[in-house]
Each structure stands twice: as C-alpha cells, then as structure tokens.
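A closer look at the structure
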Amino acid sequence: GLQNALYIVATCYLSAWALNRLNDAVLSRSESRIIKNLRDYAMKGLLGKSSQFYTDHDPGGLVAKAKRFASATEFVIDEFSFRVFRTMLFIIMFSIIISTQFSFIAPYIFGWIVVFTIVTIFFFRFRLKFDLAHSRADSATTKELADILLSLFTLRIFNGVHSAYKGFKDVTSHEERARFTA
C-alpha cells in the first residue's frame, strides 16, 4: 500500500542523491586532469608541426583552436554529468516507481521515453552543422584579429589600418550570422 510506495520513493530518492554526490566527486577529481592532458596533447601536436605549417597558419587561430578543443571537451563532460546523467538517473528512478506502483501505465511511459530520446538525438544532429559553422567563424575572427595585431606596425606605416578594420568587421559580421543561426 501507501507504506510500500513511500519506501520505494524514499529508496529511489536516497539512491539518486548518493549517485549524484558520487558523480560530483568523480567529476571534480577527473575533469581538471582531463583538460590538462588535452591541452598538453594539443601543444605536443602543435610543436611537432613543420615551419611551413606555421607560415601557412596563423598562431592566433591555432591558439584559439587548441583552447576551443579543451573547452569543448569540458563542456561535453559538464553537459553529460549535469544533464544527461541526472536525466537518465531521474528517468530510471521514475520508471522504477511507476512500474512498481502503476504497472498498467509503465509501457506508455517507456514508449514516451523512447520517442523523446529519438527526437532529442534528431535535433542534436540537426543543430550540429550550425555549431560547426559557428566554430569555423569564431576561428576566422580570432585569426583575423591576431593577423591585424601582429602586423599593426606595418599597417600604420602603409596606411592600411582602415582597410584592415573593414576586413575585420566583415569577418565579425560573418561570425555574428553564424552565432545567430547556431
């Protein structure tokens, strides 16, 4: 009866609380180490490139990509930990409670969970192309800014500051459009 239902809800709640605390402990212990290792990996990869590579690619853009590489990984870890893991935990606990107390509703709930998951994956894949376009535009903006700042003295000597600024505004306008669509 009611006592059994309260026991199941309390057990699920305490289990979810314990698993959330364990998740937080594992995340705080491992995330900083993972980010450090990714930055070291990016630096090692960049140091192994040829001189021609650095002639062909702007250092500012490379720094931005290396930083974005680590930041994107941190974002994915945080999203998984704070959203996906906790949502899955909630769904599992909710499913246990529903299936033990209201078994006639359980198949409909499980069906809804499957449909929701499929729709979420579809929208994630749809949005991915816009996120990638935004990242490319952000790299172009960082590269353009670094190019201008590195050659500012030369631009001033030959009166090219205005055209460099106009070119930078064009790049940031493109980034704005990419950010808006993302």
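Residues numbered from 1 in each chain as written. Predicted model: local features only at pLDDT ≥ 70, side-chain atom pairs only at ≥ 80, totals over all residues. Heavy atoms only, no water.

**A look at the packing of helix H4 (residues 106–150) against helix H6 (residues 161–181)**
The relative placement of two packed helices is expressed as an angle between their axes plus a distance between the axes. Closest axis-to-axis distance for the H4/H6 pair is 8 Å, and the angle between their directions is 160°. In terms of orientation, H4 and H6 fall into the roughly antiparallel class. Where H4 crosses over H6, the handedness of that crossing is left-handed. Between H4, through Phe 130, Ala 133, His 134, Ala 137, Asp 138, Ala 140, Thr 141, Glu 144, Leu 145 and Ile 148, and H6, the contact on the second element is made entirely by Ala 164, Gly 167, Phe 168, Val 171, Thr 172, His 174, Glu 175, Ala 178, Arg 179 and Thr 181. In the contact of H4 with H6, the residues fall into ten nonpolar, six polar and four charged. (Axes fitted to C-alpha atoms, helices over the stretch in contact; angles between N-to-C directions. Helix = DSSP H or I, 4+ residues; strand = E, 2+ residues; numbered from the N terminus. Parallel < 35°, antiparallel > 145°, perpendicular 65-115°, else oblique. Left-handed = near helix turned anticlockwise from the far one by under 90°. Contact = heavy atoms within 4.5 Å. Nonpolar A, V, L, I, M, F, W, Y, C, P; charged D, E, K, R; others polar.)

**Observations concerning the pattern of salt bridges**
Throughout the structure, instances matching the rule amount to five salt bridges. The closest approach of N and O atoms between Asp 24 and Arg 86, which form a salt bridge, is 2.6 Å. Of the two residues, Asp 24 is situated in helix H1 (residues 2–47) and Arg 86 in helix H3 (residues 59–101); the sequence distance between them amounts to 62 residues. When its relative accessible area of 25% is taken as the criterion, Arg 86 is described as partly exposed. When the shortest N-O distance is used, the salt bridge between Glu 79 and Arg 83 registers 3.2 Å. A residue pair is termed a helical-turn pair when its members lie 3 or 4 positions apart in one helix, as Glu 79 and Arg 83 do in helix H3 at four residues. With a relative accessible area of 24%, Glu 79 lands in the partly exposed category. Exposure remark for Arg 83: the relative accessible area of 54% places this residue in the exposed category. Taken together, the shared-partner salt bridges in this structure form one network comprising Arg 21, Asp 24 and Arg 86. (Salt bridge = Lys/Arg side-chain N within 4 Å of Asp/Glu carboxyl O. Buried < 20%, exposed > 50% of the residue type's maximum accessible area, 1.4 Å probe, protein only.)

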